[in-house]
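# Working through the structure, step by step
Chain by chain, the residues run as shown.
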Amino acid sequence: MVSDGRAVLKKSHSGCRYFKSREFPLASRSSVLTKSCPSRNKLLSLLLFFILLSLGLGSFSSCRSKSNGTEIIVAGSTSIQPFADRWAELFMEKRPGLVINVQGGGSSAGIQSVKMGAAQIGMSSRELKEEEKDLNEIEIAKDGLAIIVHPTNFISNLTIEQVKSIFAGEITNWKTLNGKDKEITVVVREEGSGTRGAFQEMVMGKTRITKRAIVEDSNGTVREIVSRDPESIGFISLGLVNEKVKAVALNGVNPTEETILKKEYRLVRPFLFLTKQAPTGLAKEFIDFVLSDEIQSKLSEEGLIPVRKASGGAKIP
Amino acid sequence: MTDLRKSDRLIKLGLLMIAFSAISALFVITLFIFEQGGPIMFKYGLKSFIFGQDWYPSEKIFGLWPMIVGSLMVTLGALIIGVPLGLATAIFLAEFSSRRLARILKPVIELLAGIPSVVYGFLGLMFLIPFIRENLGGPGLSVLAASIILGIMILPTVISISLDSIRAVPDCYREGSIALGATRWQTVRMVVLPAARSGILAAIILGMGRAIGETMAVIMVAGNAAEIPSSILQPVRTLTSNIALEMGYAAGEHRQALFATGVILFVIIMVLNTIANLTASRQGKR
């Protein structure tokens, strides 16, 4: 026993030394493994560790409690999730004791979990497909997608076809669009993001986005890069456009709240809440809360387009 | 006496368990990565997974070749920039600078290691990217930018380990060489460096490990296009960026494919480490 421990001590000492001299991390690591495995004592403690670990994991998964009237689960689109989080917080502040549990997962996962009954409200940032239409859908907001370029870019209007060709990598030089003889830097979001998904669906269709495009993982970085590179073009959520970038008009229509509400600007996706049947109980209360003037009037500050004008004499349920 | 021995044994046992929890963490991570990423690799075929040119997870096309090449290119670039700089600094500090200067400079260099990688990435984005774009062309976000940033990031590792190994060369070697009429530079080149060779190699290996594993700074300056770059001014995506970039929204097979990216990275690091260790031990024996 005693000699055993000493050996381990020695080894850990030599493991430390490689930072200073010539031993290598992997060599020392593997020697510890191979030499110490046979010992019963060590195996035992290893076993103990795994038991503790599995106990820990087990208690984690059992933490999730079932819903019971005072708690609902809202799951789905990660584009809506941050907004829903804030709405849920406001709601819970007003109605202590009630719990709105907001989860992500993506639009498809949200639709699926409402169908299966795993969530009471699903969130989708895309239109429902035909086979999904059996769900009850409530539009809570709209989100515009802006095509952005550097403020000094001569372009202020593009057709959807031109945008498509640029992002497909068919037009690679601004010269083709009567601009400077400079290569276009295309900036896109990463695979799996809702914004990219919406862009792919509404602009690209079946055509692939060019592989040469620069990929960034947030709306913020896309805007940052476009604001610094005079030759670049990208797409972000309309609410995040600021003075450092220029949102181009599409087919002659400027992306504004007005043109979106008039359905003239085409790159718009709905933010939908979905329920299996007509909402009841807590789910209904939460949906009504989101549709109330209090929330809807604040949407434009957050970059979204409200579905109803608060002052426009809309019916309040 | 027996009491002391008992407490000794208790402490030993305690330390042993802690040590093993660290090692088993490695085991658990390895198991987890392979368990999550393994099945999908075999489902779509190992060959198409590794050598596939296209990465379109939404269309269930998973080809990691551009990322593998990207990782190797960027790491090589970092070594090309970082190793000569680092080695020169280490030689200067060990052999040519005054002891006082070295005492000031070394901690300053080690401070470089304490700067968070996101800061390196941010500085790269602010200064290096516009510089490359305006002077050399291309979008700026490129293999070159990533290599330069990583080259700087591995400097502290390369410098401090090679400095220690150069200092560990016994002074009698230097005295002997100078006594034979060699100049100081000749002594360094022909006596000290060969004697410190295995330590310097260790420095390069650890630097390489840091470069291939770095994620945040690379995401920020590399551009992340999933295509094999045609020049060093074109954007590139590494294996680590591929995982970090897409993990946020990935679900289902896409997520598994990212774990499989982790498996490939794991294997590449293992292979590189083994090769380096083998050459190092062979060098050491000579």
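Residues numbered from 1 in each chain as written. Chains lettered and ligands numbered in written order. Predicted model: local features only at pLDDT ≥ 70, side-chain atom pairs only at ≥ 80, totals over all residues. Heavy atoms only, no water.

## Some words on the environment of A:Ser107
- Mapped onto the fold, A:Ser107 is located in helix 5 (residues 107-116).
- Counting along the chain gives 172 residues from A:Ser107 to A:Pro279, while the straight-line C-alpha distance between them is 19 Å. (Helix = DSSP H or I, 4+ residues; strand = E, 2+ residues; numbered from the N terminus.)

## Concerning helix 7 (residues 194-204) of chain A
Residue and element names in this part refer to chain A.
- Every buried residue of helix 7 is listed here: Thr195, Arg196, Ala198, Phe199, Val203 and Met204. Angular distribution of buried residues about the axis of helix 7 spans 165 degrees; they occupy a single face of the element.
- Elements in contact with the buried residues of helix 7: strand 4 (136-149), helix 6 (160-168), strand 6 (185-189), helix 8 (219-228), strand 8 (232-237) and strand 11 (268-275).
- Positive phi shows up at Gly205, right after helix 7, with a value of about 65 degrees. (Buried < 20%, exposed > 50% of the residue type's maximum accessible area, 1.4 Å probe, protein only. Arc of directions from axis to C-beta. Contact = heavy atoms within 4.5 Å.)

## Some thoughts on a positive patch on the surface
- Taken together, the side chains of B:Arg99, B:Arg100, B:Arg103 and B:Arg167 present a region of like positive charge at the surface.
- With respect to the element layout, B:Arg99 can be found in helix 4 (residues 99-114). (Patch = residues over 30% accessible without salt bridge, like charges linked within 9 Å, V, L, I, M, F, W, Y side chains within 5 Å. Areas by Shrake-Rupley, 256 points an atom, 1.4 Å probe, with all protein chains shown as cover. Salt bridge = Lys/Arg side-chain N within 4 Å of Asp/Glu carboxyl O. Lys, Arg positive; Asp, Glu negative; His and termini not counted. Charge placed at Lys NZ, Arg CZ, Asp CG, Glu CD.)

## Focus: the pairing of strand 8 of chain A
Residue and element names in this part refer to chain A.
- Most of strand 8 sits inside the fold, with 6 of its 6 residues counted as buried.
- Pairing between strand 4 and strand 8: 5 bridges, direction antiparallel. Of the residues in strand 8, the one forming a bridge with Ile147 is Phe235.
- As paired strands, strand 6 and strand 8 are joined by 3 bridges and run parallel to one another. When the sheet's bridge partners are listed, Thr185 is paired in strand 8 with Ser232. (Pairing = 2+ DSSP bridges.)

## Comments concerning the environment of A:Gly234
Residues and elements named next belong to chain A.
- Looking at the element boundaries, Gly234 is found in strand 8.
- On the basis of relative accessible area, Gly234 is assigned to the buried category, the value being 0%.
- Linking Gly234 and Arg189, residues 45 residues apart in sequence, is a C-alpha distance of 8.7 Å.
- Those residues within four positions of Gly234 in sequence are excluded, and the remaining contacts are Ala146, Ile147, Ile148, Phe167, Val187, Val222 and Val226.

## Section: unusual backbone geometry
All names here are of chain B.
- The backbone phi angle of Lys60 is positive, close to 60 degrees, even though this residue is not glycine.
- Here Lys60 lies in the loop between strand 1 (55-56) and strand 2 (61-62).
- Positioned with a positive phi, Asn224 is a non-glycine residue whose angle comes to about 60 degrees.
- By the element assignment, Asn224 lies in the loop between helix 11 (216-222) and helix 12 (239-246).
- In this structure Asn224 comes out as buried when scored by relative accessible area, which is 0%.

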